[in-house]
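# Coordinate analysis (summary)
So the chains spell out like this:
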Amino acid sequence: MMMGMNFFASLMLALMLTDQTPKAPQPQTPAKPDEQRGVAPERYVIGPQDQLSITVYDEPDLTNKYRVDDAGMIAFPLISRIPASGLTISEFQERLRAMLANGYIRNPQVRVDIDQYKSQSVFVVGEVRAPGKVPMTGITMTLLEALALAGSPTANASNEVLVIHPKKPDSAGAVPSPDADQDAEQIRINLKDLQVGRAGQDVVLRDGDIINVPKAQTFYITGQVRNPGSYVLDPGMTVL
């Protein structure tokens, strides 16, 4: 009995000393400039199902919103169908301006913006409530936004999230396997650190990325403890 009491007394003392040990301040990652965090708007590559907002100044009949069809074209007044898919915003804007200037409008002034992003997406797989393809909501998307759109992690989810930047795009459109591209760049992020802003804020998702939320590894505590049961194993967790 005395041995058991000495053991628990030693354990409590160790925990108290651990809590009182001064912790070194964590270095803060400097925020990156906007141009390093994502793609500049004019460099966004147009794709099928994107909706473009086209303004032709002093031409209200031409100013409208236009959907890119599955063939990568848009139907535009005066000049019929124009290829758009695969071009950046600035490239398409210049192409449209040149075509309007070719016998239709003298010195046309054209502005092209993305009204709805529909062509680019990421895949969220694993322990989330709605796994699958998640359309990107803008030029860039954060990891937290993608997880929220996938319904957030389940109770069985690990606290570690894996972001995979595949080098080979998925051509079939199906949800890819996280193990499909062994040469892909992989980033591991602790979900708890992500939620409080200590990590993962500089991760920029790209078209075709895979966010894998694996099932948590667990361990069990039994015996004479206040809360016996199953617990999620966090990376770096010690016996104490």
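Shown above is the structure to which this text applies.
All residue numbers refer to position in the chain's written sequence, counted from 1. Local features in this predicted model are restricted to residues of pLDDT 70 or higher, and side-chain atom pairs are both shown and tallied only at a pLDDT of 80 or more, whereas totals for entire chains, interfaces and linings draw on every residue. Excluding hydrogens and water, the side-chain figures rest on all heavy atoms present in the structure.

## Considering the side chain of asparagine 159
- Structurally, asparagine 159 can be placed in the loop between helix 4 (143-149) and strand 8 (160-165).
- Residue classification places asparagine 159 among the buried positions, given a relative accessible area of 16%. A run of H or I in DSSP becomes a helix once it reaches four residues, and a run of E becomes a strand once it reaches two; helices and strands are each numbered from the N terminus. Whether a residue is buried, partly exposed or exposed follows from its accessible area with a 1.4 Å probe, protein chains only, as a fraction of its type maximum: under 20%, in between, or over 50%, in that order.

## Description of unusual backbone geometry
- A positive phi angle, near 80°, is found at glutamine 49, a position not held by glycine.
- Tracing the backbone shows glutamine 49 in the loop between helix 2 (34-37) and strand 1 (51-56).
- Assessed through its relative accessible area of 32%, glutamine 49 is described here as partly exposed.

## So, the environment of asparagine 156
- Tracing the chain through its elements places asparagine 156 in the loop between helix 4 and strand 8.
- In the structure, asparagine 156 is positioned 76 residues away from valine 232 in sequence and 8.5 Å away in space, judged by C-alpha atoms.
- Only heavy atoms matter for contacts: two residues are in contact if any of them lie within 4.5 Å across the pair. When near neighbours in sequence (up to four residues on either side) are disregarded, asparagine 156 contacts Glu127, Pro214, Lys215 and Ala216.

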